[in-house]
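Listed below are the residues making up each chain.
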Amino acid sequence: MNDQPQEPAAPTPPSPAPPNQPQEPAAPTPPSPPSAAEDKAGGGMRALAVLLSLVLAFGAAVMIVAAGEISDTPTLEEIESGEKPVPADNTYYDGSATSRSITTALGYASGIIGGIGVVLGFAFAITGRRGRLFAQVALVAIVLAGIALII
């Protein structure tokens, strides 16, 4: 026989797994993207958007009419200096011409942005999307109207 030590026999490889069983656990599947129905607002929010859009439409129209009325009203300085005649109803703008211009510009801006908000509000009521944008635009219109009234 042979004097050299014999190496132990190599271990036999494990038998392959049957084809219907995976060898390693499968990686978890990523979550599915949200469906379109989850992104839409409910009926109550849509009805509220219609109501708020109607209120915003009224406010926007009032601001545009008021801005037009203020822009045509003479200031007391203009009446006293003789630049403009005394109106028939004896009304005048009690402030400077600069203040009147700023108020008029803010009034028109709030009316126009409010009109855009009305369109966005009805679009939100129909589609159920972009509610946050509607709220932001409506808020900007309200803030501009408030500043115009304060000045």
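What you are looking at is a predicted structure, and each value in this text was computed from that prediction instead of being measured.

A.B. asks: A description of the environment of arginine 46 should follow, citing residues and the corresponding values.
C.D. replies: Relative to the helices and strands, arginine 46 resides in helix α2 (residues 43–72). The exposure class assigned to arginine 46 is partly exposed, which follows from its relative accessible area of 22%. Remark: the alpha-carbon pair of arginine 46 and alanine 123, spanning 77 residues in sequence, is separated by 9.6 Å. Those residues in contact with arginine 46 that sit more than four places away from it in its chain are Lys40, Ala41, Phe124, Ala125, Ile126, Thr127 and Gly128. A polar contact of 3.4 Å, which involves the side chain of arginine 46, links it to the backbone oxygen of alanine 41. A polar side-chain atom of arginine 46 sits 3.1 Å from the main-chain carbonyl oxygen of threonine 127.

A.B. asks: Can you lay out the environment of isoleucine 150 for me, pointing to particular residues and giving the numbers?
C.D. replies: You can see isoleucine 150 is positioned in helix α5 (residues 131–150). For isoleucine 150, a relative accessible area of 74% gives the class exposed. A C-alpha to C-alpha distance of 8.7 Å links isoleucine 150 and threonine 103, two positions 47 residues apart in sequence.

A.B. asks: Any details on the side chain of serine 53? Residues and values, ideally.
C.D. replies: Looking at where serine 53 falls in the secondary structure, it is placed in helix α2. In this structure serine 53 comes out as buried when scored by relative accessible area, which is 0%. Separated by 2.7 Å, the side chain of serine 53 and the backbone oxygen of alanine 49 make a polar contact. When sequence neighbours within four positions are dropped, the list of residues in contact with serine 53 reads Val118, Gly121, Phe122 and Phe134.

A.B. asks: Go over the packing of helix α4 (residues 97–127) against α5 with me, naming the residues and quoting the values.
C.D. replies: To describe two helices that pack against each other, one gives the angle between their axes and the distance between the axes. At a closest axis distance of 8 Å, the pairing of α4 and α5 adopts a crossing angle of 160 degrees. Classed by the angle they form, the pair α4 and α5 counts as roughly antiparallel. Between α4 and α5 lies a crossing whose hand is left-handed. Contacts between α4 and α5 involve Thr103, Leu106, Gly107, Ala109, Ser110, Ile113, Gly114, Ile116, Gly117, Leu120, Gly121 and Phe124 on the former and, on the latter, Gly131, Leu133, Phe134, Val137, Val140, Ala141, Leu144, Ala145, Ile147 and Ala148.

A.B. asks: Break down unusual backbone geometry for me, with residues and values.
C.D. replies: Not every positive phi belongs to a glycine, and asparagine 90 is a case in point at roughly 55 degrees. Position of asparagine 90 among the secondary structure elements: in the loop between α3 (76–81) and α4. Owing to a relative accessible area of 56%, asparagine 90 belongs among the exposed residues under this scheme. The backbone phi angle of arginine 130 is positive, close to 70 degrees, even though this residue is not glycine. Its location among the elements puts arginine 130 in the loop between α4 and α5.

Cut-offs and rules
- Residues numbered from 1 in each chain as written.
- Predicted model: local features only at pLDDT ≥ 70, side-chain atom pairs only at ≥ 80, totals over all residues.
- Heavy atoms only, no water.
- Helix = DSSP H or I, 4+ residues; strand = E, 2+ residues; numbered from the N terminus.
- Buried < 20%, exposed > 50% of the residue type's maximum accessible area, 1.4 Å probe, protein only.
- Contact = heavy atoms within 4.5 Å.
- Polar contact = N/O pair within 3.5 Å; in protein donor to acceptor, adjacent residues only side chain to side chain.
- Axes fitted to C-alpha atoms, helices over the stretch in contact; angles between N-to-C directions.
- Parallel < 35°, antiparallel > 145°, perpendicular 65-115°, else oblique.
- Left-handed = near helix turned anticlockwise from the far one by under 90°.

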